[in-house]
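Here is what each chain is made of, one letter per residue.
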Amino acid sequence: MDVSGKTAVVTGGGRGIGRGISLAMARNGANVVVADIVAENAEGVAEEVRALGQRSLALTLDVSNQESVEAMASQALAEFGAIDILVNNAGVIGSQGWERREMPNEEDWTLIYEVNLRGVARVTDAVAPNMIEREYGKIVNIASIAGRRGSNRNPPYNASKAGVISLTQSQAQQLASHNINVNAICPGLLWTPMWQRIASRDTMTPNPEGKSPRELFVEYVEAGTPLGREQTPDDIGNLAAFLASDFAMNITGQSINVDGGLTMN
């Protein structure tokens, strides 16, 4: 999974899966632009990347804002001269207060669409011209196994991730002639800040014994996952590094599950 000398941009890189991807890129030789809506989180991960011996730039990024996206791409190019790898990881599960609502509201639908789906297209459009100019690039979009099926709890999230899977195929076709690979990863069940929000939702599952969100999550994983164990940000990061390497030069337009066998297709 050698990505030595490459520069990777990781959106939502300041925590959870994004942090795992940023560190995996660094461990495999890449310099990393850690772009996150929370500046403090981005800088913390950037420091970890530097501790691994790689250059890193922490940037504040709101993928739902065009000006923010363009500023991030410009700063990254000014610092490193090229962007070889883009990981579109930034994502949300809902707007503020989502956990306390029986069903998503209009604000949830709007935010999820703007970040999870439109944000992927927006950042790719800002970064792709540099890749096209150099006839080289690797793009990895973070979808979800939620994009493989519907949901009675959060339809906008599942729909957005299904859109990422479809968008990945479209981008792969659009950019293939420029030697740019575009693939998606569909993470399964990871105990990240996002899943903590899901597990704390009152309507997730009956809980007469008053178990903690973490206990409910572990039970959910063990009951439904063939391998019987949760996934980790490192699992996602390792696959992202592989897809960003030239070992995957003939893989494009694919969406790969990392979920312990929960979803097989």
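Residues numbered from 1 in each chain as written. Predicted model: local features only at pLDDT ≥ 70, side-chain atom pairs only at ≥ 80, totals over all residues. Heavy atoms only, no water.

**So, the pattern of salt bridges**
Within this structure, the stated rule accounts for 10 salt bridges. Salt-bridge contacts for aspartate 84 lead to arginine 134; the nearest nitrogen and oxygen are separated by 3.0 Å. Placement of aspartate 84 in the loop between helix H3 (66-80) and strand E4 (85-88) and of arginine 134 in helix H4 (residues 106-134) is noted, with a sequence separation of 50 residues between them. A salt bridge links arginine 101 to aspartate 108; the shortest N-O distance between them is 2.8 Å. Linked by salt bridges that have partners in common, Glu43, Glu47 and Arg50 make up one network. (Salt bridge = Lys/Arg side-chain N within 4 Å of Asp/Glu carboxyl O. Helix = DSSP H or I, 4+ residues; strand = E, 2+ residues; numbered from the N terminus.)

**Notes on unusual backbone geometry**
Positive phi is not limited to glycine here, since glutamate 135 has a value of about 55 degrees. Structurally, the position occupied by glutamate 135 is in the loop between H4 and strand E5 (137-142). A positive phi angle, near 65 degrees, is found at asparagine 179, a position not held by glycine. Along the chain, asparagine 179 falls in the loop between helix H5 (155-175) and strand E6 (180-187).

**Some words on the pairing of E5**
In regular strands, side chains alternate between the two faces of the sheet. With six of six residues buried, E5 lies mostly within the body of the structure. In E5, alternate side chains face the same way, and those of Gly137, Ile139 and Asn141 on one face and Lys138, Val140 and Ile142 on the other are all buried. Note: E4 against E5, four bridges, orientation parallel. Among the inter-strand pairings, asparagine 88 is bridged to a residue of E5, identified as asparagine 141. (Buried < 20%, exposed > 50% of the residue type's maximum accessible area, 1.4 Å probe, protein only. Pairing = 2+ DSSP bridges.)

**Focus: H3**
Along its 15 residues, H3 runs 21 Å from first to last C-alpha, staying within 8% of the 21 Å computed at 1.5 Å per residue. Along H3, the residues classified as buried are Ser68, Val69, Met72, Ala73, Ala76 and Phe80. Here the buried residues of H3 occupy an arc of 135 degrees about the axis, which is enough to place them on one side. Exposed and oriented more than 90 degrees from the buried face of H3 are Glu67 and Ala78. Check the buried side of H3 and you find it contacts strand E1 (7-11), strand E2 (31-36), strand E3 (56-60) and H4. The residue sitting at the N-terminus of H3 and contributing the capping side-chain oxygen is asparagine 65; that oxygen lies 3.0 Å from the backbone nitrogen of glutamate 67. Glycine 81 lies just past H3 and shows a positive phi near 85 degrees. (Expected span 1.5 Å × (residues − 1). Arc of directions from axis to C-beta. Contact = heavy atoms within 4.5 Å. Polar contact = N/O pair within 3.5 Å; in protein donor to acceptor, adjacent residues only side chain to side chain.)

**Remarks on the packing of H4 against H5**
Two elements in contact, H4 and H5, have axes separated by 8 Å at closest approach and are oriented at 15 degrees. As far as their axial angle goes, H5 and H4 are roughly parallel. The hand of the H4/H5 crossing is right-handed. Contacts between H4 and H5 involve Trp109, Ile112, Asn116, Leu117, Val120, Ala121, Thr124, Ala128 and Ile132 on the former and, on the latter, Pro155, Pro156, Tyr157, Ser160, Lys161, Gly163, Val164, Leu167, Gln171 and Leu175. Broken down by class, the residue content of the contact of H4 with H5 amounts to 13 nonpolar, five polar and one charged. (Axes fitted to C-alpha atoms, helices over the stretch in contact; angles between N-to-C directions. Parallel < 35°, antiparallel > 145°, perpendicular 65-115°, else oblique. Left-handed = near helix turned anticlockwise from the far one by under 90°. Nonpolar A, V, L, I, M, F, W, Y, C, P; charged D, E, K, R; others polar.)

**With respect to the packing of helix H1 (residues 16-27) against helix H2 (residues 39-51)**
Relative orientation of the contacting elements H1 and H2 amounts to 20 degrees, with a least axis distance of 9 Å. The angle between H1 and H2 falls in the class roughly parallel. Along this stretch, H1 crosses H2, giving a crossing that reads as right-handed. Along its contact with H1, which presents Arg19, Ser22, Leu23 and Ala26, the element H2 presents Val45, Glu48 and Val49. The class makeup of the residues in the contact of H1 with H2 is four nonpolar, one polar and two charged.

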